[in-house]
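Spelled out from the first residue to the last, the chains are:
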Amino acid sequence: MLLNSMKSLIFSDKMCGLMKKRYFIRTFGCAQNEADSERIASYLEDQGYKPAETIEKADYIVINTCMIRQMAENRVYGLVNNLKKLKSENGLIKIVVTGCMVGMAVRDKTGKLQKVLKERLPIVDEFLPIEEIGFDFLPKRSKKRLALVPISNGCNNFCTFCVVPFSRGREISRPYEDILKECQSLVSEGYSEIMLLGMNVNSYGADLLVGENNIQVLRDLNVKYFKDTSNNASALSSKTGRVDIKKVKPVYVTHLGRQRIPTLFPLLLDDIAKIKGLNNILFMSSNPWDFSDELIEVIATNKNISREVHLPVQSGNNDVLKRMNRWYTKEEYLKLVATLKFKIKNLKLSTDIIVGFCGETDADFADTVDLAQKVGFSKAYVAIYSDRPMTAAHKAMKDDVPFTVKKKRWKILEDLINLPNLKKK
Ligand code: SF4
């Protein structure tokens, strides 16, 4: 999909004969945002723009936002307000805001969030919805060694604390062949290290396996994934040994408390791992309930897939997990970790943990500490719970853990997990 809004801004500049040639992109947040910015840069360069060394030297400024926590949002407001002077000195400068804050605002049917954005950021010329940054443009890589390859966008899981299903929308997977082609061409560009990206990277392809798409995907993949399943026995002709694609149904599995359509991620990862020249393949961020035995097997058998696996747990207490709408229990998570450690030698596990989620007691937190001690994470992104608009926790739960308590719990986990690992380095 083309950047229609951005196109119209650039077009109007051209029409006035005022087109300037320098752009600057400031990216907040996760690797997925970084990858989006790489495609925006590619689009702008295609239109004749060149990168500016600093924000002050740019005539076209794009701010790619994050709103996972209030602090991330505040940094965006701070930056845009600091640009007021620049804009007042040169009215031709265009400021475009995109990313999660805009995605969230356009999905808010009440219109309140859009109003807030416009009121708080009056100097912004354009609010560009994240969906307009499609996968059509080959990214302008910002990293020399590691190439970021987005394979999906959005999320369907609706963890009660998380804005992603609202800011990025439902999960959409990129076509399988497009990803493979991009990975192959990266090798010819000299990259040997890639990171596959998705908000739920290991849910990849589940959306491709339902409805009309199902037929094309299975045809493309030569139905190897589904051939042996008893669910599809009737689709397999005993005479020809061929599969009648129209009869193939997706297979449902229950894994860690959630009924899922088996994803295409193990297949995709296996195919990418077979590309000659790729020496280190990372992926981020995976969820426990799509971490299937097939996926573990693929990692175990392909030495060029990184042994550093990120597996967000969020909490070690079953009541808190339930309130978070994370469908596994502490025991199931530990069992999954045990399987991973058994199958994959030299595994390093990192995680995400939220402290001070609504109603989290000292005893609940002690369960998280216990889980962390049992797993022995190599790294943890420990976040202090921050109430986010539109989420179920915001609507139905009380952010009732005092900040001082949240901070104390954060420090306990930092000292337990991250400090010793920092000292080892
Ligand atoms: S935490 Fe992850 S799985 Fe849960 S809603 Fe957010 S992006 Fe989706």
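To be clear, the structure that these remarks concern was listed above.
Note that the structure is predicted; figures quoted are calculated from it, not measured. (Residues numbered from 1 in each chain as written. Predicted model: local features only at pLDDT ≥ 70, side-chain atom pairs only at ≥ 80, totals over all residues. Heavy atoms only, no water.)

Asks: Could you give me a rundown of the pairing of strand β1 (residues 22–27), with the residues and numbers involved?
Replies: Pairing between β1 and strand β2 (residues 50–51): 2 bridges, direction parallel. Its bridge partner being in β2, Tyr-23 is matched across the sheet by Pro-51. Viewed along the sheet, the connection from β1 through helix α2 (residues 31–46) into β2 turns out right-handed. The sheet contact formed by β1 and strand β3 (residues 60–65) spans 5 bridges and is parallel. The residue of β3 that forms the bridge with Phe-24 is Ile-61. (Pairing = 2+ DSSP bridges. Helix = DSSP H or I, 4+ residues; strand = E, 2+ residues; numbered from the N terminus. Right-handed = clockwise from strand over helix to strand, strands pointing away.)

Asks: Give a description of the nonpolar core that names residues and reports values.
Replies: Counting 71 residues, the largest nonpolar core has Ile-194, Leu-196, Leu-269, Ile-272 and Phe-291 as its most contacted members. By residue number, the principal contributor to this core is helix α10 (residues 265–273), which donates 6 residues. For Ile-272, the contacting residues outside a window of four places in its chain are Ile-179, Leu-180, Cys-183, Ile-194, Leu-196, Leu-278 and Ile-281. Judged by nonpolar contacts, the second largest core, of 31 residues, contains Ile-63, Leu-86, Val-97 and Val-163. (Core = buried A, V, L, I, M, F, W, Y, C linked by side-chain atoms within 4.5 Å. Buried < 20%, exposed > 50% of the residue type's maximum accessible area, 1.4 Å probe, protein only. Contact = heavy atoms within 4.5 Å.)

Asks: Describe unusual backbone geometry, listing the residues and the values that go with them.
Replies: With an omega of 0 degrees, the peptide bond between Met-284 and Ser-285 qualifies as cis. Secondary-structure assignment places Ser-285 in the loop between β12 (280–284) and α11 (293–301). With a phi angle near 60 degrees, Asn-346 is a residue other than glycine that sits in the positive phi range. Looking at Asn-346, the relative accessible area reads 71%, which means it is exposed.

Asks: So what about the packing of α10 against α11? Which residues, and what values?
Replies: One way to put it is that α10 packs onto α11 with a least axis distance of 9 Å and a crossing angle of 10 degrees. The pairing of α10 with α11 is recorded here as roughly parallel in orientation. Listed contacts from α11 to Phe-265, Pro-266, Leu-269 and Asp-270 of α10 are Glu-294, Leu-295, Val-298 and Ile-299. (Axes fitted to C-alpha atoms, helices over the stretch in contact; angles between N-to-C directions. Parallel < 35°, antiparallel > 145°, perpendicular 65-115°, else oblique.)

Asks: Break down the sheet that holds strand β4 (residues 94–99) for me, with residues and values.
Replies: With respect to topology, 5 strands assemble into an open sheet ordered β2-β1-β3-β4-β5, the strand pairing being parallel. Each of the sheet's edge strands pairs with one partner strand only, and the pair in question is β2 and β5 (126–128). The pairing of β3 with β4 spans 6 bridges and is parallel. Looking at β4, one finds that Ile-61 is bridged to Ile-95.

Asks: Summarise the sheet that holds strand β6 (residues 146–150); cite the residues concerned and give the values.
Replies: Hydrogen bonding along the main chain pairs the strands of a sheet, whether they run parallel or antiparallel. Read from one edge to the other, the open sheet built from 3 strands follows the order β6-β9-β12, with strand pairing classed as parallel. At either margin of the open sheet sits one strand with a lone partner, and together these are β6 and β12. Going from strand to strand, the sheet's axes swing by 20 degrees on average, the running direction of each strand aside. The pairing of strand β9 (residues 193–197) with β12 spans 5 bridges and is classified as parallel. Its bridge partner lying in β12, Leu-196 is registered against Phe-283. Against the sheet, helix α8 (residues 176–188) touches β6 and β9, its axis set at about 170 degrees to β6. The sheet contacts of α10 involve β9 and β12, and relative to β12 the element is tilted by about 155 degrees.

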